[in-house]
2 protein chains.
Amino acid sequence: MTYKRPTVGIVGAGQLARMMAQAAIPLDIRVVLLAADPTDGAAQVVPDVVIGAPDDPQALRALADRCDVVTFDHELVDPALLAELEADGHRVYPTSTSMALAQDKRRQRLELGEAGFPMPAHANVDALADVAEFGAAHGFPIVLKASRGGYDGRGVWMADTIEDAERVLDGAQATGTVLLAEQLLPLDLELAVLVARRPSGQVAAYPPIETVQQDGICRELRVPAAISVTLGAYATRIATDIAEQIGMVGIMAVEFFVSRGELYVNELAPRPHNSGHWTIEGAATSQFEQHLRAVLDLPLGSTLPTGDGVATINLLGEGADNDPRRRLGDALAASDGHIHFYGKEPRPGRKVGHVTAVADTLEVAIAQARATTETLLGAVPAEGWTRDDR
Amino acid sequence: MTYKRPTVGIVGAGQLARMMAQAAIPLDIRVVLLAADPTDGAAQVVPDVVIGAPDDPQALRALADRCDVVTFDHELVDPALLAELEADGHRVYPTSTSMALAQDKRRQRLELGEAGFPMPAHANVDALADVAEFGAAHGFPIVLKASRGGYDGRGVWMADTIEDAERVLDGAQATGTVLLAEQLLPLDLELAVLVARRPSGQVAAYPPIETVQQDGICRELRVPAAISVTLGAYATRIATDIAEQIGMVGIMAVEFFVSRGELYVNELAPRPHNSGHWTIEGAATSQFEQHLRAVLDLPLGSTLPTGDGVATINLLGEGADNDPRRRLGDALAASDGHIHFYGKEPRPGRKVGHVTAVADTLEVAIAQARATTETLLGAVPAEGWTRDDR
């Protein structure tokens, strides 16, 4: 009997789907995409593409009918539609329940808090009185967050005073945005832990990553993170426990704040994540291969780093007149940083690629990744390199 | 102005094209294939495929018209057709001249001999008298080789006596096969050196690889090769000199015999080569990315190994009832060997994939790669592991 290739359907066709498709080739895993547009980054490199919106039940069903398992490039899907697919016997990983949790920050705080995971003080705020009460308990400034749909700094507001908070609340009410308030923690640094889990229960975590953020956008990843072994082990334990607690299937990023030496869970992303791009060259198994293995219930791979220092820098678009792809030749000549383009037209602030360097020390890896990035952008980014510049 | 992706056309759609397509994704290089069949390994994973035979002038032209440069997955192309493309202004790398040289072992021996590269004693043999003369000069046994078309042990015959040689000659004359004779060297081991060259002249060589052959088929690759630094440097120098001598563009494998401590050039393959598969995980830049860079005249990447020991084992098919892909789960559980399937149905002796392991010592890398391979095949290969079993 002829061998039947395992087939993974991916909802969405951005860079995460593109890098999953790349990882699928050596294992002879077939990938089918549900792409909104045939020019999407992943649709450029995958032959099997269903064109349709991620919230179109017909399109989702057409994808599921062609696959052994449905997974995701993004979270812009309706969990109710996923639950229907599950009810019809389709495998959907992460499950509709995990996807619903990931989309709803209020629910994340509630469920993870009930399970005892450490989190910043927080409260649902539906009226100014709720904000006033939270501010009285924890002091200003406070952070206000949209419960749904925020990313890359969008959907997050700082409120120094109750008047600031009122303006945010007014705007939110006008757009139907549901909010929660969180205490503003003084940050030592931010971390992420990637953890993969199979339906049969096997769990594998990568070493904690330091994520250097600027204006809410992740700029740089550093492995190893500048934390103690104890704190790293604790973060890893929390991420693993959350994966088990929520019945995660696939890879998940758990983002943490470190404040005055203490860990706080920030949020969850139940899919390959920007904070895991370093694993392509920097770990024995890339997060994309690990995710494919997990959703197909195949044994998970080693998560060990391939070098003593790994640095990844996100390439943020600056506009069509400064396309980093035009400087590919110069950048390949400049250093040994590994360049990953996502097949996207550059728009200001849009992630259009990343650069990873693996070296004997983190300092050398950072220097190499920055050299390649500066050459691709034609200059040091306007904001300079991160606050704690090395 | 919108960025125009560089586009590479590949004649042929086997595993080399498949791995080139994978390497093209991060650099946002577009790949178009000329595939004989839509089910070919690379055609399964590339959206842009021209269906046609590699010797069909119309199909070749259709490919060239869509690309910045035409390159190759195999050597089964007519150099005259390539020369026509070149005359029409298409870039073809390696050039028609390099491809003609690679196809013709008599011409390789002549040109490389005239340039002074060390080679086994050899002679063109068209009649039994030629063989008798060569045997008288160098002694039996001798090796008879088809000048064109041989691979994986096909097209090579041992002749212990003049009578053996007569049978080979009769068979060759019946099929119109042109032969050459070579002295049979007692082998210490076999090597390959991969070298890449750009049109603008930059050259980059990878460390010498030990290629362990059995019945004329490469079974195992080992880095570092068990040779002295001096011999390694000499092999690297020869490979680099040949690349310059023949005006090579792209990556080329130069295969060597080592006999009684001396180097002899065996043959050339002007494309990504089986002996370079270790570079995907085992070198800073894979041979596939390096080839794409070279044919697009982009700066070449570092050829340094990523570990102190790298081993690659070819997966040879044993028949449709023993498809190694069925044991993917067991093999992923067995070791950290990196598995590469080529999307091919297994037939006896057909290369259907390979396994690479990178470790702190070569011995550990070999053990890991063998463990994964044994699990994929369900057993130690019938021939056992290579003669100099470790």
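Given the structure is predicted, the values throughout are model-derived calculations rather than measurements.

Enquirer: Quick one: what's the story with the overall build of chain A, residue by residue and with numbers?
Expert: Secondary structure assignment for chain A yields twelve helices and 17 strands. Against the compact-globule benchmark of 21 Å for 390 residues, chain A has a radius of gyration of 21 Å, which places it among compact chains. Considering only C-alpha atoms, chain A reaches an extent of 70 × 55 × 45 Å along its principal axes. Counting across all 390 residues of chain A, residues that qualify as buried make up 60%. Summarising the internal contacts of chain A: among those between residues at least 6 apart in sequence, 62% fall at separations of at least 24. Total accessible area on chain A is roughly 14,700 Å²; 50% of this is exposed by carbon and sulfur atoms. When the 33 basic and 53 acidic side-chain charges of chain A are each reduced to a single mean position, those positions are 4 Å apart.

Enquirer: Describe the packing of helix α2 (residues 57-65) of chain A against helix α3 (residues 79-87) of chain A, listing the residues and the values that go with them.
Expert: Residues and elements named next belong to chain A. For the pair α2 and α3, interaxial distance at closest approach is 11 Å and the crossing angle is 40°. Here α2 lies oblique to α3, going by the angle between them. Where α2 crosses over α3, the handedness of that crossing is right-handed. Together, P57, L60, R61 and A64 of α2 and L81, E84 and L85 of α3 make up the contact between the two elements. Of the residues contributing to the contact of α2 with α3, the split by class is five nonpolar, no polar and two charged.

Enquirer: Talk me through helix α3 (residues 79-87) of chain B; I want residue IDs and the actual numbers.
Expert: Residue and element names in this part refer to chain B. Buried residues of α3: P79, L81, L82 and L85, and no others. The buried residues of α3 occupy an angular sector of 155° when the element is viewed end-on, so they sit on one face. Contact partners of the buried residues in α3: α2 (57-65), β4 (69-72) and α4 (96-103). Near the N-terminus of α3, the side chain that reaches the backbone nitrogen of A80, with its oxygen 2.9 Å away, is that of D78. The first or second residue beyond α3 is G89, which carries a positive phi of 95°.

Enquirer: Can you break down unusual backbone geometry residue by residue, with the values?
Expert: Y93 of chain A connects to P94 of chain A through a cis peptide bond whose omega is -5°. Along the chain, P94 of chain A turns up in the loop between α3 and α4 (96-103). The linkage connecting F140 of chain A with the following residue, P141 of chain A, adopts the cis geometry, with an omega of -5°. Summarising the element assignment, P141 of chain A is placed in the loop between α6 (128-138) and β6 (142-146). The backbone phi angle of D28 of chain B is positive, close to 55°, even though this residue is not glycine. Although it is not a glycine, D297 of chain B adopts a positive phi angle of roughly 55°.

Enquirer: Give a description of the side chain of R106 of chain B that names residues and reports values.
Expert: Residue and element names in this part refer to chain B. Inspection of the secondary structure assignment puts R106 in helix α5 (residues 105-114). Note on R106: relative accessible area 17%, which makes it buried. Within polar-contact distance, the side chain of R106 engages the backbone oxygen of L179 at 2.7 Å. When sequence neighbours within four positions are dropped, the list of residues in contact with R106 reads N124, V125, D126, S147, V178, L179 and L180.

Enquirer: I'd like a description of a nonpolar patch on the surface, backed by residues and values.
Expert: Residues and elements named next belong to chain A. Taken together, the side chains of V156, M158 and L184 make up a nonpolar region of the molecular surface, amounting to roughly 250 Å² of accessible area. Take V156: it is sitting in strand β7 (residues 156-159). For V156, a relative accessible area of 36% gives the class partly exposed.

Enquirer: Tell me about the interface of chain B and chain A, residues and numbers included.
Expert: Tallying the contact residues gives 34 residues for chain B and 34 residues for chain A. Between chain B and chain A lies a buried interface of about 3,400 Å² when both sides are counted; carbon and sulfur atoms form 57% of it. On the chain B side of the contact with chain A, Y3, I25 and L332 of chain B bury the most area, a combined 19% of that side's loss. One can count four salt bridges joining chain B with chain A. As a salt-bridge pair, D28 of chain A and R18 of chain B come within 3.2 Å of each other at their nearest N and O atoms. If you look at where chain B meets chain A, you find 15 residue pairs in polar contact (both at pLDDT 80 or more). Within the residue set of the side of chain B that touches chain A, elements represented by two or more residues are α1 (15-24), α11 (328-334) and β16 (338-341) of chain B. Residues of the side of chain B that touches chain A, tallied by class, amount to 17 nonpolar, eight polar and nine charged.

Enquirer: Go over the pairing of strand β8 (residues 179-183) of chain B, please, and point to the residues and values.
Expert: Residues and elements named next belong to chain B. With four of five residues buried, β8 lies mostly within the body of the structure. Relative to β8, strand β5 (residues 122-125) is paired through four bridges, and the arrangement is antiparallel. Of the residues in β8, the one forming a bridge with N124 is L180.

Enquirer: Can you break down the environment of H277 of chain A residue by residue, with the values?
Expert: All names here are of chain A. As for its placement among the helices and strands, H277 is situated in the loop between β14 (262-269) and α9 (279-282). With 35 residues separating them along the chain, H277 and T312 place their C-alpha atoms 7.2 Å apart. Setting aside residues up to four positions removed in sequence, H277 forms contacts with L16, M19, L221, Q287, F288, T312, Y342, H354 and T356.

Enquirer: A description of the side chain of E289 of chain A should follow, citing residues and the corresponding values.
Expert: All names here are of chain A. With respect to the helices and strands, the residue E289 is situated in helix α10 (residues 287-295). For E289, a relative accessible area of 16% puts it in the buried group. A distance of 2.6 Å separates a polar atom in the side chain of E289 from a polar atom in the side chain of R293.

Enquirer: Describe the sheet that holds strand β2 (residues 30-35) of chain A, with residues and values.
Expert: Residues and elements named next belong to chain A. Spatially, the four strands line up as an open sheet ordered β3-β2-β1-β4, and their pairing is parallel. Two strands lie at the open edges of the sheet, namely β3 (49-51) and β4 (69-72), each paired on one side alone. Geometrically, the sheet is characterised by an average inter-axis angle of 25° between neighbouring strands, direction not taken into account. Looking at chain direction, strand β1 (residues 7-11) and β2 are connected through five bridges and run parallel. Across the sheet, residue V8 finds its bridge partner in β2, namely V31.

Enquirer: Residues and numbers for the packing of aromatic side chains, please.
Expert: All names here are of chain A. Considering all chains together, one arrives at two aromatic pairs over all chains under this definition. Ring geometry for Y206 against W278: centres 6.1 Å apart, planes inclined by 85°, an arrangement best described as edge-to-face. Taken as a pair, Y206 in the loop between β10 (203-205) and β11 (209-214) and W278 in the loop between β14 and α9 lie far apart in primary sequence, 72 residues in all. Since its relative accessible area comes to 1%, Y206 is described here as buried.

Enquirer: I'd like a description of the relation of the copies chain B and chain A, backed by residues and values.
Expert: The two copies are related by a screw motion: chain B maps onto chain A through a turn of 180° and a shift of 0.0 Å along the axis, at an RMSD of 0.0 Å. Accordingly, the operation relating the two chain copies is best matched by a two-fold axis. Measuring from the rotation axis to each C-alpha of chain B, the shortest distance belongs to P47 of chain B, at 2.1 Å. Taken together, the interface assignments show that 100% of the residues at the interface of chain B recur at the interface of chain A, consistent with an identical surface on both copies.

Cut-off values and rules
Residues numbered from 1 in each chain as written. Chains lettered and ligands numbered in written order. Predicted model: local features only at pLDDT ≥ 70, side-chain atom pairs only at ≥ 80, totals over all residues. Heavy atoms only, no water. Helix = DSSP H or I, 4+ residues; strand = E, 2+ residues; numbered from the N terminus. Rg over C-alpha atoms; globule rule 2.2 N^0.38 Å. Buried < 20%, exposed > 50% of the residue type's maximum accessible area, 1.4 Å probe, protein only. Contact = heavy atoms within 4.5 Å. Areas by Shrake-Rupley, 256 points an atom, 1.4 Å probe, with all protein chains shown as cover. Lys, Arg positive; Asp, Glu negative; His and termini not counted. Charge placed at Lys NZ, Arg CZ, Asp CG, Glu CD. Axes fitted to C-alpha atoms, helices over the stretch in contact; angles between N-to-C directions. Parallel < 35°, antiparallel > 145°, perpendicular 65-115°, else oblique. Left-handed = near helix turned anticlockwise from the far one by under 90°. Nonpolar A, V, L, I, M, F, W, Y, C, P; charged D, E, K, R; others polar. Arc of directions from axis to C-beta. Polar contact = N/O pair within 3.5 Å; in protein donor to acceptor, adjacent residues only side chain to side chain. Patch = residues over 30% accessible without salt bridge, like charges linked within 9 Å, V, L, I, M, F, W, Y side chains within 5 Å. Salt bridge = Lys/Arg side-chain N within 4 Å of Asp/Glu carboxyl O. Buried area = accessible area lost by both parts, 1.4 Å probe. Pairing = 2+ DSSP bridges. Phe/Tyr/Trp six-rings, centres within 6.5 Å; stacked < 30°, edge-to-face > 60°. Least-squares fit on C-alpha atoms with pLDDT ≥ 70 in both.

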